[in-house]
Amino acid sequence: MLIRMTESSVKKLSNGDRCYRASNGVKPGKNGCVKNHYLYQKQHCYPEEKIYHVAHNGGLYKRPFNEVFEETPMLVAVLTYMGYGILTLFGYLRDFLRDWKIEKCQNATEREEQKDFVPLYQDFENFYTRNLYMRIRDSWNRPICSVPGAKFDVMDRVSYDYNWTFKYTGKVVKDVINMGSYNYLGFAENHGLCADAAADVTMKYGVGVSSTRREMGNLAKHEELEKLVARFLGVEAAMAFGMGFATNSMNIPALVGKGCLILSDELNHASLVLGARLSGATIRVFKHNNMQSLEKLLRDAIVHGQPRTHRPWKKILILVEGIYSMEGSIIRLPEVIALKKKYKAFLYLDEAHSIGALGPSGKGVVEYFGLDPKDVDIMMGTFTKSFGAAGGYIGGKKELIDYLFTHSHSAVYATSMSPPVVEQIITSMKCIMGEDGTSFGRDRIQQLAENTRYFRRKLQEMGFIIYGNNDSPVVPLMLYMPAKIGAFGREMLKRNIGVVVVGFPATPIIESRARFCLSAAHTKEMLDTALRMISEVGDLLQLKYSRHLLVPLLDRPFETTYEENEE
Amino acid sequence: MASGQQWVLVEMVQAFYEAPAYHLILEGFLILWIVRLLFSKTYKLQERSDLTEKEKEELIEDWQPEPLVPLVSKDHPPPKYDVVSGPTSHKIIVNGKECINFASFNFLGLLDNERVKNQALTSLKKYGVGTCGPRGFYGTFDVHLELEERLAKFMRTEEAIIYSYGFATIASAIPAYSKRGDIVFVDEAACFSIQKGLQASRSNIKYFKHNDMDDLERLLKELETEDQENPRKARVTRRFIVVEGLYINTGDICPLPELVQLKYKYKVRILLEESLSFGVLGEHGRGVTEHFGVNIDDIDLISANMENSLASIGGFCCGRSFVIDHQRLSGQGYCFSASLPPMLAAAAIEALNIMEEDIDIFRLLRDKCKHIHSALQGISGLEVVGESISPAFHLQLEKSTGSRELDVKLLRGIIDYCMNRQIALTQAHYLDKEERFLPPPSIRVVVTIEQTEEELEKAASLIKEAAQHILQHTVLGH
């Protein structure tokens, strides 16, 4: 109801349940730190160390897996529900007033000529948009007018009719610290190596292609990019696509179909969900990052076969993401791979947020855990985030990529990638790999890791409830109450810090949150300023909920997850 | 109170005495039946598996999945793509040979335009390349707002919304409105992105014959009778017609005035996909509505990509705010995807400027289309399919050999023949197994305003030559 323009897709409400998600699935291993292999990681030992459950799981993990989801305090949960209750009541009241023409209805309306058509929208569909989202709509879609780097310029706008329309004042709020863009490695730049290379290509090639890869749009540049991506990922071959979202939604249907089973994490991105649906395969959903839930589904699937006919499944595909953009959690990849091998399933890993952002040389979650990329059947990722460009890729075995070249919807029907965008990716990727002869890339990766640890530690110390893995540059800070969503966004912007706030339906109804995305471009001063302001606003809005409590482990049996069958 | 209860009890006992015997026997029997149902073994719909752990392990051990992708035999290697080095503009280097481009949809030649490039460059110097976020989270740039405003103004609609990928535009727009249970009437020749949008919407799809208004009316009448039978359902079932302005698969123009008539007669909304007709048809290039002089407000939604005439990347939808604004929260490809790189938006704005400044280019394009269209008539073995003012039309085999594979090979032969003589052509490619109605194999010829009279002549005569050479050859060979 509050914001739909969010990254993660939530298919159902699982409200309070997920509070118990800590260290889910893994039997509590030995507590304590394992020595890190990576030089850039400083060993922090905070006082709250004991609240983490470090999973070792039979030595699958080569590094500590510190992921925490503190339980929602009871009082906060009750107040949050009350808040929604009051908002809903007032919504009904105002709808009543609008019906009786006491309050002016600001909605755009149907043409007179089409008043007798079947209504385009059901009235209740827009109830929350009209009555809840509209109250805090100013927190989203804020236009910016500069590079989305460490700092950006936000266009000032005002609304004289309670957010129904906005007027641009023409003023610009300069140098707002950007905690919202997915600029993990700081490659969103308008000068320097990448921008210069892209500029040359713009003048040589123009920006369009006006044809598909299969027809007349297969540039040598595209092939160069694909070879580079394959080399970067350590896979046999790769293929690039013009849009990250479409990479998922247009390629999953090429890989699985009727008679196949897709096991999908409940918090997977909308594009993965759409791709799975379009494929026509049966979809079953497992609890977020919960390996017991996944294993149970795998076992049941193989033992019972397809519903009704009991024929064995043709193939089973596990869909997971590297970093979940709303939770800040990192996939338990070593366990997923172990399960995948044990049950002969295939693994589709979406590294939209983790590529570039994790691992000592930025090669994503596979490298982060020290695993072999060959164990992941389909390596997918985007160029939008760490590379400061646009588009997506799929990497894997040569047979897979050859197959996609002939069967991908994208290659045959969609216009191929814009040459300057391709150039930006090539240059930034080479920089990350150190092939430009400098250590800029490696420095950025190191800086991001340091920023992440510093920022997360400070927020924890201040007493905020933050979700996710200690190494994840996506940092969700829990707000819970609907009124605080708007208030936090506005108060932070007042203090010249741009943050992203999200609520239902991108999150469970009571778990509204603010989200910070760290970047290698953030300096220590910027982070300190941001932290100071967050603390100030946190005091103002009473957001420091954390009681540093031990989180109960998930030891309940799971409920049956729902099944979706495309007939 | 107590006495009242007692009285009821007395009455009950009395009724029991007075009841006929067969009644008591029947009731006794029913009670026994209920008892039996209560105590019988619970019957479960789902079959219970009483497999032991060991049996389960064995099943898991035995299960062998199909390979992730089908194994390809060595004699059927995947087809090689043609490789273009350098830009895909008027002159193009394909597989190392310089050719005149008759394959990319760069109708107005704006891909190579210096003004467009310079604007893109200026934007790049200001904003960098990527936006690093979806529209909701600081991915909205002032350039996006400007482009949306300009597109709305150009099309003379209230509002426009831009997507970062042409294919995703209509594929996201359809499911934003049409949901499960709704009814969509769609032309059989509809392009693949429409088909995907329909699939994502899970609506009830009814295909009508290509451009056949009688067939469409037949379906609409059928629905009308259904509606009369079930008026409650009819009140909530949304209905749409999805058509293309200029069909990419056939080169035909949709009969829009008739469609609008049907729209009001049967109260169906029209969603119009104009990727090919935007910037092509009409005096000002506003597309098929301008071509027929149809009021644009009569069309509920127009969608087009910016990858053809505008020679940039992405797509847009336009129409009344009542309709379009809904996509800002419900268009999946809009909400969940990173926004369009600002430099691509800036290029599109400049391309719009050029289109607004010089409306002669649309007339010029039409003249060239007609020119090559008539020059290609009467080739033995090849048939021209598509309107004479369509800048993308098809050359199909007059008589299929009976095997699609062989047809494709023949057409490829013609293309290679032309490609060796500086004319770059391409076949219309489809995913054979995915298309709902697979069009016959064809060569898709694309006309742009940059092609000179001589080049058009040359292309036409080369195709003629190639057809003679290759088609005659095979006919003799068989």
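The structure displayed is predicted, hence computed values, not measured ones.

Colleague: Explain the pattern of salt bridges to me, and be specific about the residues and the numbers.
Modeller: The final tally for this structure, using the stated rule, is 61 salt bridges over all chains. Between A:Glu491 and A:Arg495 there is a salt bridge; the shortest N-O distance is 2.7 Å. Residue classification places A:Glu491 among the buried positions, given a relative accessible area of 16%. Here B:Glu158 makes a salt bridge to B:Arg320, at a shortest N to O gap of 3.5 Å. Note that B:Glu158 is positioned in the loop between helix H6 (142-155) and strand E4 (159-163) and B:Arg320 in the loop between strand E10 (315-319) and helix H13 (321-324), a separation of 162 residues in sequence. One connected set of salt bridges, linked through shared partners, spans A:Arg94, A:Asp95, A:Arg98, A:Glu103 and A:Arg130.

Colleague: Can you explain the packing of helix H4 (residues 220-233) of chain A against helix H12 (residues 419-433) of chain A? Please cite residues and give values.
Modeller: When two helices pack together, their arrangement is given by the angle between the helix axes and by the axis-to-axis distance. Residues and elements named next belong to chain A. Between H4 and H12, whose axes approach to 10 Å, the crossing angle comes to 25°. Taken together, the axis directions place H4 and H12 in an arrangement best described as roughly parallel. Helix-helix and strand crossings are classified by hand; for H4 and H12 the assignment is left-handed. Contacts between H4 and H12 pair Lys 221, His 222, Glu 224, Leu 225, Leu 228, Val 229, Arg 231 and Phe 232 from the former with Pro 419, Val 422, Glu 423, Ile 425, Ile 426, Met 429, Lys 430, Ile 432 and Met 433 from the latter. Here the contact of H4 with H12 is composed, by residue class, of 11 nonpolar, one polar and five charged.

Colleague: Lay out the sheet that holds strand E13 (residues 423-424) of chain B with the relevant residues and their values.
Modeller: All names here are of chain B. Strands sit in the order E1-E2-E3-E13 across an open sheet of four strands; the sheet is mixed. Edge positions in the open sheet fall to strand E1 (84-85) and E13, since each of these has one partner strand only. With two bridges joining them, E1 and strand E2 (residues 91-94) adopt antiparallel strand pairing. Opposite Ser 85, over in E2, you have Ile 93 as the bridge partner.

Colleague: Help me get a handle on the nonpolar core, residues and values and all.
Modeller: Counting residues in hydrophobic clusters, the biggest one holds 246 residues, and the most contacted among them are A:Phe383 and A:Phe488. Leaving out residues up to four positions away in the same chain, A:Phe383 has contacts with A:Leu225, A:Val229, A:Ala240, A:Gly388, A:Ala389, A:Ala390, A:Gly391, A:Gly392, A:Tyr393, A:Met417, A:Ile425 and A:Met429. The next biggest cluster of nonpolar side chains, apart from the first, holds 44 residues, and it includes A:Ala246, A:Tyr413, B:Ile194 and B:Tyr207.

Colleague: Outline the sheet that holds strand E14 (residues 500-502) of chain A, supporting the account with residue identities and numerical values.
Modeller: Residues and elements named next belong to chain A. Taken in spatial order, the three strands make up an open sheet running E12-E15-E14, and their pairing is antiparallel. Each of the sheet's edge strands pairs with one partner strand only, and the pair in question is strand E12 (474-480) and E14. For this sheet, the mean inter-axis angle between neighbouring strands, taken without regard to orientation, is 25°. Taken together, the six bridges between E12 and strand E15 (residues 512-517) define a ladder with antiparallel strand orientation. Note that in E15 the partner of Tyr 480 across the bridge is Ser 512.

Colleague: Can you tell me about the interface of chain B and chain A, naming the residues and giving the values?
Modeller: The interface of chain B with chain A comprises 121 residues on the first partner and 124 residues on the second. Of the roughly 10,500 Å² buried between chain B and chain A, counting both surfaces, carbon and sulfur atoms make up 64%. Between chain B and chain A we count six salt bridges in total. Of the charged contacts, one joins B:Arg269 and A:Glu110 as a salt bridge, the two residues approaching to 2.8 Å between their closest N and O atoms. Remark: the boundary between chain B and chain A carries 46 residue pairs in polar contact (both at pLDDT 80 or more). At nine residues, helix H4 (residues 114-127) of chain B tops the list of elements feeding residues into the side of chain B that touches chain A.

Colleague: Tell me about the UniProt feature "domain: Aminotransferase class I/classII large" (unreviewed entry) in chain A, and please be specific about residues and values.
Modeller: Under the UniProt annotation, "domain: Aminotransferase class I/classII large" (unreviewed entry) lies at residues 174-534 of chain A. Across residues 174-534 of chain A, the secondary structure splits into 43% helix and 17% strand, with the terminal C-alpha atoms separated by 19 Å.

Colleague: Summarise helix H8 (residues 333-342) of chain A; cite the residues concerned and give the values.
Modeller: Note that an α-helix has 3.6 residues per turn; residues three or four places apart therefore point the same way. All names here are of chain A. Counting buried positions along H8 gives seven out of 10 residues, so the element sits mostly inside the fold. Within H8 the residues assigned to the buried category are Leu 333, Pro 334, Glu 335, Val 336, Ile 337, Leu 339 and Lys 340. Buried positions along H8 lie against helix H7 (291-304), strand E7 (316-321), strand E8 (346-350) and helix H9 (365-368). Of the residues flanking the end of H8, it is Lys 344, one or two places downstream, whose phi is positive at about 55°.

Colleague: Quick rundown of the UniProt feature "transmembrane region" (unreviewed entry) in chain B? Include the residues and the values.
Modeller: Residue and element names in this part refer to chain B. Mapped onto this structure's residue numbering, the UniProt feature "transmembrane region" (unreviewed entry) falls at residues 20-39 and 160-178. Between the C-alpha atoms that bound residues 20-39 there is a distance of 29 Å. The span itself is 95% helix and 0% strand. Measuring from the first to the last C-alpha atom of residues 160-178 gives 19 Å, for a span that is 63% helix and 21% strand.

Conventions adopted
Residues numbered from 1 in each chain as written. Chains lettered and ligands numbered in written order. Predicted model: local features only at pLDDT ≥ 70, side-chain atom pairs only at ≥ 80, totals over all residues. Heavy atoms only, no water. Salt bridge = Lys/Arg side-chain N within 4 Å of Asp/Glu carboxyl O. Buried < 20%, exposed > 50% of the residue type's maximum accessible area, 1.4 Å probe, protein only. Helix = DSSP H or I, 4+ residues; strand = E, 2+ residues; numbered from the N terminus. Axes fitted to C-alpha atoms, helices over the stretch in contact; angles between N-to-C directions. Parallel < 35°, antiparallel > 145°, perpendicular 65-115°, else oblique. Left-handed = near helix turned anticlockwise from the far one by under 90°. Contact = heavy atoms within 4.5 Å. Nonpolar A, V, L, I, M, F, W, Y, C, P; charged D, E, K, R; others polar. Pairing = 2+ DSSP bridges. Core = buried A, V, L, I, M, F, W, Y, C linked by side-chain atoms within 4.5 Å. Buried area = accessible area lost by both parts, 1.4 Å probe. Polar contact = N/O pair within 3.5 Å; in protein donor to acceptor, adjacent residues only side chain to side chain. UniProt positions renumbered as here; feature names shortened; annotations may be inferred.

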